[in-house]
Amino acid sequence: MLEKQSSQNPETGKSLGRSASIVSLAIMASRLLGLVREKVIAHYFTAAVGADAFTAAFRIPNLIRELFAEGALSKAFITTFTDTEAKEGASAANLLANRVFILTALVLSIITAAGIWGTPFIVQTMLPGDGFAIPLNPVEHYGFTTKGELTIFLARIMFPFLMLVSFAAIVMGILNTKKIFGIPALASAFFNIGTILGGIAGYYWGPNFQLHPSTGLALGVLAGGIMQFVVQLPSLFKTGFRFRFSFSLRDERVRQVMLLMGPAILGTAAFTIGIFINSIFASTGVGWMTWLNRAFRLMHLPLGVFGVAISTVALPNFARLVAENNIAGFRDGLQRALRLSFFLTIPAMLVLMILAEPICRLIFEGGKTGPADTAQTARALFFYALAIAGYSAAKITTDGFYAFKDTRTPMIISAVTVSLNIGLNYIFVYHIFQTHWSLALSTGITQSLNFLLLIFFLRKKTGHLGLEKSGPFLPKLLSCCVIFAFTLYYVYAFLVAYFNTGGMLMQLLHLSFTLGLSGIVFLLMGNLFKIEEAVSVMRVFGKLKR
């Protein structure tokens, strides 16, 4: 295969950094609202009943969402849409998008109807543990006699969310190919707003209508899904796109999307099955589902702000470079994306591990959530944090396979690592640790392995990846991170005497000073070691001072 020579234009890296920054800021706003949402749930609903039931119920349509919206459909559509626009023009790409919209609506309507009908079976299969069989007082809980019954009710309300968020994902894919990243990344913030308002309204007004307070959370999810889709439409229409009814299974490009989705669904299905089986393990104990979910949400804050942001920008860029047969440019883009990912996610991992308990105390404790819940959530967060760097890097590397229209290799690797994850869960939960955080530990182990396998096989696919250009990057970064970790630990411990009053404001100031001082040390050390990413950040600060 002939390759175009890479010009090694530094503007490529700058463009990736700028675009990723825009997405990071938007996702940061969304993730912060997500934490507000979790704070609302923690304040108004106990981990034993309301929070556990809602978390489990939302997981059912959300798993299918990850399978279609953010998994196979999104990746296959973006790759095919980009290729179609490059080779056949905008009109052909827009026709493809309309046909994918209609096909998605038909398929997901059937899945949604079947899901609502089969929810009792899904809940009984997914949540067989004693934690969801606990009896409820029907007077206090508005007719529900078990936590499982409440979970079924909430899941049925939320099933249409699957269709709404899938439409939103298609629009996001179109906008990303047009290099519009901010609004799509910010769209999920409106989902969080809907859930927050729904949760508060349900708690205060639900009983007036003889509805369980957690019903408001479920209705808020639907309202948030509508807003997540609708808020992107003005930006979509500005690109010239218009909705037209067009349905064809004979369209070669539609078939290409479907063919790419096949192995991708199987690959994502392996991950989805893993989460499904994790739910079986998590249903073992009362509160396990909620503690793990809160820790998972905190882990996803840096993943969304850094890892997902870089991946969102990288996939259209990778697809374009491969479509142009610029393999050298692809290699350069991949190594830059991975470097930036590690530079951001490894320090984030250390923050969540070292400061797990004070972070969980600040965000979740209060109302119906006490110190015991904080301690259990922090233990789960410590081990989930191990997955951050591997998960982020794996997402970027998987995008490299999708750019080559290879969905089979990630599918096989995903199946292997998920199988290992399930095996570790069984051993850890039933034979060694016998507690909820062991599920987080197995996730941390298998996500790191997943990345290593992906990068190994991608290297075999392209001959080499250009990672050797990074040279001593990782040793330098790890040296900075060791110093950063010690600074985090000792600065926080030193400042306890000055901020140990227990109030939320003082807790926030304590963490802010700790993170601020430690972050400055990290950047200074990175600049001293001449790490490119740290030097760039320091250069920006230098310009601001002038």
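As the structure is a computational prediction, the values presented were derived from the model and not from experiment.

Cut-offs used in this document
All residue numbers refer to positions counted from 1 along the written sequence of the respective chain. Where totals are concerned, whole chains, interfaces and linings use all residues; where local detail is concerned, this predicted model gives features only for residues with pLDDT of at least 70, and gives and counts side-chain atom pairs only at 80 or more. For side-chain calculations, the full set of non-hydrogen atoms in the structure is used, while hydrogens and water are omitted. We count a stretch as a helix when DSSP gives it H or I for four or more residues in a row; a strand needs E for two or more, and each element gets its number in order from the N terminus. We call two residues in contact when some of their heavy atoms are within 4.5 Å. For accessible areas, the Shrake-Rupley method is used with a probe of radius 1.4 Å. Any residue's cover is judged against the shown protein chains and nothing else. Between the N-to-C directions of two axes lies an angle of 0 to 180 degrees, each axis being a line fitted to C-alpha atoms and, for a helix, fitted only over the stretch in contact. Left-handed describes a crossing whose near helix is turned anticlockwise from the far helix by less than a right angle; the clockwise case is right-handed. Each residue is assigned to one class: nonpolar for Ala, Val, Leu, Ile, Met, Phe, Trp, Tyr, Cys and Pro, charged for Asp, Glu, Lys and Arg, and polar for all the others, Gly among them. Counting of polar contacts relies on pairs of N or O atoms within 3.5 Å, with two restrictions inside protein: one atom must be capable of donating a hydrogen and the other of accepting it, and residues adjacent in sequence are counted only when both atoms are side-chain atoms. For a helix, the expected span equals 1.5 Å multiplied by the residue count minus one. Each residue is placed in one exposure class: buried if its accessible area under a 1.4 Å probe, protein chains only, is under 20% of its type's maximum, exposed if it is over 50%, and partly exposed if it falls in between. Put simply, a salt bridge is a Lys or Arg side-chain nitrogen that is within 4 Å of an Asp or Glu carboxyl oxygen. For this analysis, a ring pair means two rings from Phe, Tyr or Trp (six-membered ring only for Trp) whose centres lie within 6.5 Å, classed as stacked if their planes differ by under 30 degrees, edge-to-face if by over 60, and tilted for the remaining angles. Values of pLDDT, the confidence the predictor places in each residue, fall between 0 and 100. In this scheme, roughly parallel covers angles under 35 degrees and roughly antiparallel covers those over 145, while 65 to 115 is roughly perpendicular and the rest are oblique. Here a patch means residues that are over 30% exposed by relative accessible area and free of salt bridges, tied together within 9 Å if like-charged and within 5 Å if nonpolar (Val, Leu, Ile, Met, Phe, Trp, Tyr). The criterion for a disulfide is a pair of cysteine sulfur atoms lying within 2.5 Å.

## Description of the overall build of the protein chain
Part 1: Tallying secondary structure elements over the protein chain gives 19 helices and zero strands in all.
Part 2: Long-range contacts, defined as pairs at least 24 residues apart, comprise 83% of the intrachain contacts of the protein chain with a sequence gap of at least 6.
Part 3: Summed over all atoms, the accessible surface of the protein chain reaches about 22900 Å², with 68% contributed by carbon and sulfur.

## Observations regarding the packing of helix H3 (residues 90–126) against helix H4 (residues 147–158)
Part 1: Put simply, H3 and H4 touch, their axes get as near as 9 Å, and they point 145° apart. Judged by the twist between their axes, the crossing of H3 over H4 is right-handed. On the side of H3, the interface is formed by Ile116, Trp117, Thr119, Pro120 and Val123, while H4 contributes Gly148, Thr151, Ile152, Ala155 and Arg156.
Part 2: A class-by-class count of the residues in the contact of H3 with H4 yields six nonpolar, three polar and one charged.

## Concerning the side chain of Thr369
Part 1: When you line up the elements, Thr369 lands in the loop between helix H12 (356–364) and helix H13 (371–384).
Part 2: At 2.7 Å, the side chain of Thr369 forms a polar contact with the backbone oxygen of Ala42.

## With respect to helix H17 (residues 473–499)
Two residues of an α-helix separated by three or four positions point the same way, owing to the 3.6 residues in each turn.
Part 1: With 27 residues, H17 should reach 39 Å at 1.5 Å per residue; the first-to-last C-alpha distance of 37 Å fits that figure.
Part 2: Turning to H17, its buried residues number three or more, namely Phe473, Leu477, Cys480, Cys481, Phe484, Ala485, Thr487, Leu488, Val491, Tyr492, Leu495 and Phe499.

## Description of the pattern of salt bridges
Opposite charge on two side chains lets them pair, provided their charged atoms get close.
Part 1: Counting across every chain of the model gives four salt bridges.
Part 2: Across the pair Lys147 and Asp52 runs a salt bridge, and its minimum N-O distance is 2.9 Å. In this pair, Lys147 sits in helix H4 while Asp52 sits in helix H2 (residues 50–88), placing the two residues 95 residues apart along the sequence. Of the two residues examined, Lys147 and Asp52, each falls in the buried class.
Part 3: Put simply, Arg361 and Glu357 hold a salt bridge, and the shortest N to O gap is 3.4 Å.

## Some details on the packing of aromatic side chains
Two descriptors summarise a pair of aromatic rings, namely the distance from one centre to the other and the angle between the planes of the rings.
Part 1: By the definition in use, this model includes 26 aromatic pairs.
Part 2: Summarising the aromatic geometry, the rings of Phe58 and Phe191 are spaced 5.9 Å apart at their centres and angled 20° between planes, so their arrangement reads as stacked. Separated by 133 residues along the polypeptide, Phe58 in helix H2 and Phe191 in helix H6 (residues 182–205) bring together distant segments of the chain. As far as the burial class goes, Phe58 and Phe191 line up, both buried.
Part 3: Between Phe428 and Phe433 the ring centres are 5.2 Å apart and the planes differ by 65°, which places this aromatic pair in the edge-to-face class.
Part 4: Take Phe433: its relative accessible area is 34%, and that puts it in the partly exposed class.

## Points about helix H15 (residues 408–432)
Part 1: Taking 1.5 Å of rise per residue, 25 residues should cover 36 Å, and H15 covers 35 Å from first to last C-alpha, within 8% of that figure.
Part 2: Looking only at H15, the buried set comprises Thr409, Pro410, Met411, Ile413, Ser414, Thr417, Val418, Asn421, Leu424, Asn425, Phe428 and Val429.
Part 3: Immediately downstream of H15, the backbone of Gln434 shows phi near 55°, a positive value.

## Concerning unusual backbone geometry
Part 1: Even without glycine at this site, Gln210 takes up a positive phi of about 60°.
Part 2: We note that Gln434 has phi near 55°; this positive angle belongs to a residue other than glycine.
Part 3: Tracing the backbone through its elements, the reader meets Gln434 in the loop between H15 and helix H16 (437–462).

## Some details on the side chain of His510
Part 1: In this fold, His510 is placed in helix H18 (residues 504–528).
Part 2: Accessibility expressed as a relative area gives 5% for His510, which makes it buried.
Part 3: Apart from the residues within four sequence positions on either side, His510 is in contact with Tyr492, Leu495, Val496 and Phe499.

## Overview of the confidence of the model for the protein chain
Part 1: In the predicted model, the protein chain carries a mean pLDDT of 81, and the fraction of residues at 70 or more is 86%.
Part 2: This model gives residues 1–13 a pLDDT under 50, and the stretch forms 20 contacts once residues within four places in sequence are excluded.

## With respect to the packing of helix H5 (residues 161–177) against helix H7 (residues 215–230)
Part 1: Put simply, H5 and H7 touch, their axes get as near as 8 Å, and they point 20° apart. Taken together, the axes of H5 and H7 lie roughly parallel to each other. For the crossing formed where H5 meets H7, the hand is left-handed. Side by side, H5 and H7 meet where Phe161, Leu164, Val165, Phe167, Ala168 and Val171 of the first sit next to Val221, Leu222, Gly225, Ile226, Gln228 and Phe229 of the second.
Part 2: Within the contact of H5 with H7, the residues separate by chemical class into 10 nonpolar, two polar and no charged.

## Some remarks on a nonpolar patch on the surface
Part 1: Together, Leu106, Val107, Phe245, Phe247, Leu249 and Met258 make up an exposed nonpolar region whose accessible area comes to about 590 Å².
Part 2: Structurally, the position occupied by Leu106 is in helix H3.
Part 3: Taking the relative accessible area as the measure of exposure, Leu106 reaches 46% and is therefore partly exposed.

## Overview of the state of the cysteines
Part 1: In total, this model carries zero disulfides according to the counting rule given.
Part 2: Free cysteine: Cys481, not disulfide-bonded; nearest cysteine sulfur from Cys480 at 6.9 Å.

## Re the environment of Pro472
Part 1: Counting through the fold element by element, Pro472 comes out in the loop between H16 and H17.
Part 2: Considered as a pair, Pro472 and Ile531 are 59 residues apart in the sequence and their alpha carbons are 9.3 Å apart.

## Side note on the environment of Ile363
Part 1: Positionally, Ile363 belongs in helix H12.
Part 2: For Ile363, a relative accessible area of 16% corresponds to the buried category.
Part 3: Distance from Ile363 to Glu38, taken between C-alpha atoms, is 8.3 Å for residues 325 residues apart in sequence.
Part 4: The contact partners of Ile363, leaving out residues within four places of it in the chain, are Leu35, Lys39 and Leu298.

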